[in-house]
Amino acid sequence: MENAQLIGLSRQIALRRQMDVVANNMANLNTAGYKNMDILFEEYVMPVARHKDFEMMDQPLSYTQDWATIHDFASGSITQTGNPLDIAIQGDGFFVISTPAGERYTRNGAFQLNERGELVTSEGYNVLADGGFLTFNPGETGITITEDGRVSSSAGDKGILRVAEFENPQSLRREGDTMFSGENPIFDNPSRFVQMAIERSNVSGVSEMTEMIRVTKAYESISGMQQRQDELRRTAIRKLGDTKA
């Protein structure tokens with residue numbers, strides 16, 4: 001294959017990956033606590049041959065490579081729900097969740113009670129407080145969560161919600177749509193809680209739709225270039241064949 005087609009193909013592969021990210025953002029437009037994703041690209045210069053039989057060195061070829069996925073941790077809008085088990089975080093903190101793989105972190109505060117009366121995420125993972133799991137008996141009423149995370153009910157004090165921050169949030173690894181894993185959490189932080197509210201996704205539907213159109217047009221443009229390159233090669237082969245004949 002010609003170099004132009006190889007370079008175009010590398011760009012198409014990167015654009016397909018970018019379209020996957022944009023589509024995932026669009027799919028989670030209404031997912032509580034979801035954080036927008038984007039891709040960083042870099043130039044990859046192909047190593048070139050430098051055999052002594054060539055009078056001049058080969059020209060370097062620059063390809064497109066998707067280098068990393070980054071997360072936009074800007075806060076989404078906080079919406080009142082009236083549900084006492086819904087909690088939003090004001091600040092840079094994350095809820096601490098207990099999973100079979102260890103502690104994980106999320107901004108999705110749409111919680112519920114499981115059959116044992118434990119406060120859990122929609123996936124069924126326990127929300128952690130300073131004393132462990134938060135458990136409520138069937139007869140308990142008046143669940144209250146203060147801005148500093150203290151949980152109480154008609155049965156009395158239940159504990160304080162754990163909230164973690166990270167010095168470098170970009171080091172977090174996404175697991176699923178709203179869960180993250182990371183190291184060296186900071187638990188002494190100024191984040192605050194808002195009860196009966198959730199944090200909406202920070203995805204901008206208009207921006208993502210615009211990006212989807214841009215990526216589609218770029219992909220179609222490169223496809224057109226590839227087709228023209230194929231036509232040039234076929235024409236060259238046909239003319240060379242006619243010459244030899």
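Residues numbered from 1 in each chain as written. Predicted model: local features only at pLDDT ≥ 70, side-chain atom pairs only at ≥ 80, totals over all residues. Heavy atoms only, no water.

Caption draft 1: Local environment of the sheet that holds strand E12 (residues 150-153). Taken in spatial order, the 3 strands line up as E11-E12-E13 in an open sheet, and their pairing is antiparallel. Edge positions in the open sheet fall to strand E11 (144-145) and strand E13 (156-160), since each of these has one partner strand only. For E12 and E13, the ladder comprises 4 bridges, and the chain directions are antiparallel. Residue pairing across strands places Ser153 opposite Gly156, the latter belonging to E13. (Pairing = 2+ DSSP bridges. Helix = DSSP H or I, 4+ residues; strand = E, 2+ residues; numbered from the N terminus.)

Caption draft 2: Representation of the side chain of Glu118. Structurally, the position occupied by Glu118 is in the loop between strand E7 (112-113) and strand E8 (119-120). Engagement of the side chain of Glu118 in a polar contact is seen with the side chain of Arg116, the distance being 3.2 Å. In contact with Glu118, other than residues within four places in its own chain, are Gln112, Leu113, Asn126, Phe133, Leu134 and Thr135. (Polar contact = N/O pair within 3.5 Å; in protein donor to acceptor, adjacent residues only side chain to side chain. Contact = heavy atoms within 4.5 Å.)

Caption draft 3: Structural detail: the nonpolar core. Ile87, Phe95, Leu134, Leu161 and Phe193 are the most contacted members of the largest nonpolar core, which has 18 residues in total. Going through the elements one at a time, strand E4 (87-90), strand E5 (94-99) and strand E9 (126-129) are the ones with two or more residues in this core. In this structure, Phe73, Tyr105, Phe166 and Phe180 belong to the second largest nonpolar core, which totals 9 residues. (Core = buried A, V, L, I, M, F, W, Y, C linked by side-chain atoms within 4.5 Å. Buried < 20%, exposed > 50% of the residue type's maximum accessible area, 1.4 Å probe, protein only.)

Caption draft 4: View of the environment of Ala164. Within the secondary structure, Ala164 is located in strand E14 (residues 163-164). Through-space distance from the C-alpha of Ala164 to that of Phe95 is 6.6 Å; in sequence the pair is 69 residues apart. Sequence-distant contacts of Ala164, that is, excluding residues within four places in its chain, are made with Asp92, Gly93, Phe94, Val96, Tyr105, Pro185, Ile186, Phe187 and Asn189.

Caption draft 5: Quick peek at the pattern of salt bridges. According to the stated counting rule, one finds 9 salt bridges in the structure shown. Salt-bridge contacts for Arg116 lead to Glu118; the nearest nitrogen and oxygen are separated by 3.2 Å. The partner of Arg150 in a salt bridge is Asp157, and the shortest N-O contact between them spans 3.0 Å. Through salt bridges with shared partners, one network takes in Lys35, Arg107 and Glu199. (Salt bridge = Lys/Arg side-chain N within 4 Å of Asp/Glu carboxyl O.)

Caption draft 6: Seen up close, the packing of aromatic side chains. Taken as a whole and assessed by the stated rule, the structure comprises 7 aromatic pairs. Their ring planes at 70° and their centres at 6.0 Å tell us that Phe94 and Phe166 sit as a pair that is edge-to-face. Taken together, the residues span a long stretch of sequence, with Phe94 in strand E5 and Phe166 in the loop between E14 and strand E15 (173-175) at a distance of 72 residues. Classification of Phe94 as buried rests on a relative accessible area of 3%. (Phe/Tyr/Trp six-rings, centres within 6.5 Å; stacked < 30°, edge-to-face > 60°.)

Caption draft 7: The environment of Tyr125, seen in detail. Its location among the elements puts Tyr125 in the loop between E8 and E9. Along the sequence, Tyr125 and Glu103 sit 22 residues apart, while their C-alpha atoms lie 10.0 Å from each other. In contact with Tyr125, not counting residues within four places along its chain, are Ile97, Ser98, Thr99, Pro100, Leu119, Val120 and Met179.

Caption draft 8: Inspection of empty space enclosed by the protein at higher detail. Summed over the entire model, instances satisfying the criterion amount to 1 cavity of 30 Å³ or more. Every residue along the wall of the largest cavity is listed here: Thr106, Asn108, Ala110, Phe111, Thr121, Ser122, Glu123, Thr178 and Met179. Looking at the lining of the largest cavity residue by residue, the class counts come to 3 nonpolar, 5 polar and 1 charged. (1 Å grid on protein atoms, 1.4 Å probe; cavity = no way out; pocket = protein on both sides within 12 Å on 5 of 7 lines; lining within 4 Å. Points joined across faces, edges and corners; volume = space filled by probe spheres on them. Nonpolar A, V, L, I, M, F, W, Y, C, P; charged D, E, K, R; others polar.)

Caption draft 9: Examining unusual backbone geometry more closely. Phi angles above zero are rare outside glycine, and Asn184 is one such case at about 60°. Tracing the backbone through its elements, the reader meets Asn184 in the loop between strand E16 (179-181) and strand E17 (192-195). Despite not being glycine, Met196 has its phi angle at roughly 60°, a positive value. Position of Met196 among the secondary structure elements: in the loop between E17 and strand E18 (197-199). With relative accessibility at 33%, the residue Met196 sits in the partly exposed group.

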